[in-house]
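# Examining the three-dimensional arrangement
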Amino acid sequence: MNKVRFSVVVPAYNEEAVIKVFHDRLIQVLQDLHEPWELIYINDGSEDQTGLLIERFCAADSCVKCLSFSRNFGHQAAITAGMDHTSGDAVIIIDADLQDPPEVIPRLIDQWRAGYDVVYGRRIARQGESAGKKLSARLYYRLLRRMTSVDIPVDVGDFRLVDRRVSNALSDLPEHNRYVRGLISWLGFRQTYVDYVRAPRYAGTTKYPLKKMIRLAADGITSFSFKPLKMGIGIGVGLSVLSFLFLMFVFIARLFNLVIMEPGYASLMCVILFFFGIILIMLGIIGEYIARIFEEVKNRPLYVIARKTGQFNRSGRCPISFDQGESQ
Ligand code: UDP
Ligand code: MG
């Protein structure tokens, strides 16, 4: 059988408490594959010792490489950078906090060997996450599915394996507001999933505070759906019909003196405030889309790499040593 090569992409931001344990567990899994592999860490502007620890891993093993960003560009940019620099036949994306167990990787690979181009990990249970996060994630994924025409799977994060062709196609997409899991669904190809239990974070705290999570959630919806914009039309039409009916009522009541009309300050205020509220919400939604158009038009790079550690050849892709699998 022909040797295949695997690339593993790991975004890491302030993960000093967990990265060593993660690295050891991952390396164990990769060595058990008995195939050549490369491991690319993306140090996403960590302010702690994460960068230093990764440099040590690189020094100890030539198959381990690191891209260090000039500042924090975010999880999705880190994944993108990692994939842009891989050269394996299959690319595996995994978080550094051991929430996605490295031991699931061989199961992803089995499906890939069975002919699938994208194999994502589907969380059948999430351990150690707050009820609020679980509920919001549940609601969000279902909302996203309803809002978008793209078939984005439910309860799936970025833990997945993609074929070289998918990775290349993804690198060719020029979008700046990257919602990687959505883009991969959009690309199509043959997709399947593997169920796994999402473990609690091994150590450290989440690097996705509410603000970042809302931004990612908004990116997910606005990158794949115009429905929020169209909602304005629906609301506008609905309210117009209601106000027309109300007008008819007022007219008839006045004509036949059915109800004595009081000077209605309170009801007037209610209506005005309600309408202003709707208008401002719609303006905000339009603003969100315009901001994203602005981002795209500026056309800045998705990330800036300050330093590369390990063997990267001139094209930016890592050469994978072939002898490694056999030496095990
Ligand atoms: N991460 C990153 N840049 C960021 C935020 C997160 O590279 O700005 C990495 C982080 O180190 C981890 C992965 O993305 O490997 C997922 O983040 P985290 O586990 O904090 O998110 P959660 O699982 O809580 O949603
Ligand atoms: Mg996590």
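Higher on the page you've got the structure.
Structural notes, computed from the coordinates.

This part is about unusual backbone geometry. One non-glycine residue with positive phi stands out, namely Asn 14, at about 50 degrees. Not every positive phi belongs to a glycine, and Phe 189 is a case in point at roughly 65 degrees. Its location among the elements puts Phe 189 in the loop between helix H7 (180–187) and strand E7 (191–198).

Turning next to the coordination of the magnesium ion (ligand 2). Within the protein, the atoms that donate to the magnesium ion (ligand 2) are Asp 97 (OD) and Gln 99 (OE1), at distances of 1.9 Å. What makes Asp 97 buried here is its relative accessible area of 4%.

Once that is clear, we can look at the nonpolar core. It is characteristic of soluble globular proteins that their nonpolar side chains tend to be buried jointly. Formed by 39 residues in total, the largest nonpolar core has its most connected members in Phe 6, Val 10, Leu 39 and Tyr 41. Not counting chain neighbours up to four residues away, the residues in contact with Tyr 41 comprise Val 10, Ile 19, Phe 22, His 23, Ile 54, Phe 57, Val 64, Lys 65, Cys 66 and Leu 67. By size, the runner-up hydrophobic cluster in this structure holds 38 residues, among which are Ile 79, Val 118, Tyr 141 and Leu 183.

Before going further, it helps to spend a moment on the pairing of strand E5 (residues 118–126). In the sheet, E5 pairs with strand E6 (residues 156–163) via four bridges, with the strands oriented antiparallel. What sits directly across from Arg 122, in E6, is Val 156. One ladder, built from eight bridges, connects E5 with E7; its direction is parallel. Bridge assignment links Arg 122 to a residue of E7, and that residue is Asp 195.

This part takes up the site of ligand 1. As a structural note, the neighbourhood of ligand 1 is formed by 19 residues, with Asp 44, Asp 97, Gln 99, Thr 206 and Lys 207 the closest of them. At 2.5 Å from an oxygen atom of ligand 1 is found a side-chain nitrogen or oxygen belonging to Asp 97. Lys 212 places a polar side-chain atom, nitrogen or oxygen, 2.7 Å from an oxygen atom of ligand 1. In the complex, the protein chains occlude 95% of the 530 Å² of accessible area that ligand 1 would expose alone. Looking at side-chain class alone, the shell around ligand 1 contains five nonpolar, five polar and nine charged residues.

The set of residues buried in helix H6 (residues 164–172) consists of Arg 164, Val 166, Ser 167 and Leu 170. What you see down the axis of H6 is that its buried residues fit within an arc of 165 degrees, all on one side. Tucked inside the fold, the buried residues of H6 contact helix H3 (75–84), strand E4 (90–93), E5, E6 and H7. Its side-chain oxygen placed 3.1 Å from the backbone nitrogen of Arg 165, Asp 163 serves as the N-cap of H6.

A few words now on the packing of aromatic side chains. Following the criterion strictly, the structure yields nine aromatic pairs and no others. Between Phe 159 and Tyr 196, the aromatic rings sit 5.3 Å apart at their centres with planes inclined by 80 degrees, giving edge-to-face as the arrangement. Here Phe 159, found in strand E6, pairs with Tyr 196, found in strand E7; they are 37 residues apart in sequence, far enough to count as distant. With respect to burial, Phe 159 and Tyr 196 carry one shared label: buried. One aromatic cluster in this structure is built from Phe 22, Tyr 41 and Phe 57. Directly above the aromatic system of Phe 73 lies the positively charged group of Arg 71, at a separation of 3.8 Å from the ring centroid. Above the face of the Tyr 116 ring, Arg 190 is positioned so that its terminal group lies 4.5 Å from the ring centre.

This brings us to the pairing of strand E3 (residues 64–69). In terms of burial, E3 is largely enclosed, as six of its six residues are buried. Residues Val 64, Cys 66 and Ser 68 of E3 are buried on one face, and the alternating residues Lys 65, Leu 67 and Phe 69, pointing to the opposite face, are buried as well. Relative to E3, strand E2 (residues 37–43) is paired through five bridges, and the arrangement is parallel. Bridge pairing in E3 places Asn 43 opposite Ser 68. Remark: the E2/helix H2 (residues 50–60)/E3 crossover connection has right-handed handedness. For E3 and strand E8 (residues 305–309), the ladder comprises four bridges, and the chain directions are antiparallel.

In total, this model carries 15 salt bridges according to the counting rule given. Linking Lys 20 and Asp 24 is a salt bridge whose minimum nitrogen-to-oxygen distance equals 2.9 Å. Taken together, the residues span about one helical turn, with Lys 20 and Asp 24 both in helix H1 (residues 19–33) at a distance of four residues. Its relative accessible area of 42% is what places Lys 20 among the partly exposed residues.

With respect to the helices and strands, Gly 45 occurs in the loop between E2 and H2. Its relative accessible area of 14% is what places Gly 45 among the buried residues. Taking the C-alpha atoms as reference, Gly 45 lies 4.3 Å from Asn 72; in sequence the two are 27 residues apart. Ignoring sequence-local partners within four residues, the contact set of Gly 45 consists of Tyr 13, Phe 69, Arg 71 and Asn 72.

What counts as what
Residues numbered from 1 in each chain as written. Chains lettered and ligands numbered in written order. Predicted model: local features only at pLDDT ≥ 70, side-chain atom pairs only at ≥ 80, totals over all residues. Heavy atoms only, no water. Helix = DSSP H or I, 4+ residues; strand = E, 2+ residues; numbered from the N terminus. Donors = N, O, S within 2.8 Å, 3.2 Å for Na, K, Ca; no water. Buried < 20%, exposed > 50% of the residue type's maximum accessible area, 1.4 Å probe, protein only. Core = buried A, V, L, I, M, F, W, Y, C linked by side-chain atoms within 4.5 Å. Contact = heavy atoms within 4.5 Å. Pairing = 2+ DSSP bridges. Near = heavy atom within 4 Å. Polar contact = N/O pair within 3.5 Å; in protein donor to acceptor, adjacent residues only side chain to side chain. Areas by Shrake-Rupley, 256 points an atom, 1.4 Å probe, with all protein chains shown as cover. Nonpolar A, V, L, I, M, F, W, Y, C, P; charged D, E, K, R; others polar. Arc of directions from axis to C-beta. Phe/Tyr/Trp six-rings, centres within 6.5 Å; stacked < 30°, edge-to-face > 60°. Lys NZ or Arg CZ within 6 Å of the ring centre and 35° of its normal. Right-handed = clockwise from strand over helix to strand, strands pointing away. Salt bridge = Lys/Arg side-chain N within 4 Å of Asp/Glu carboxyl O.

Keep in mind these values describe shape, not function.
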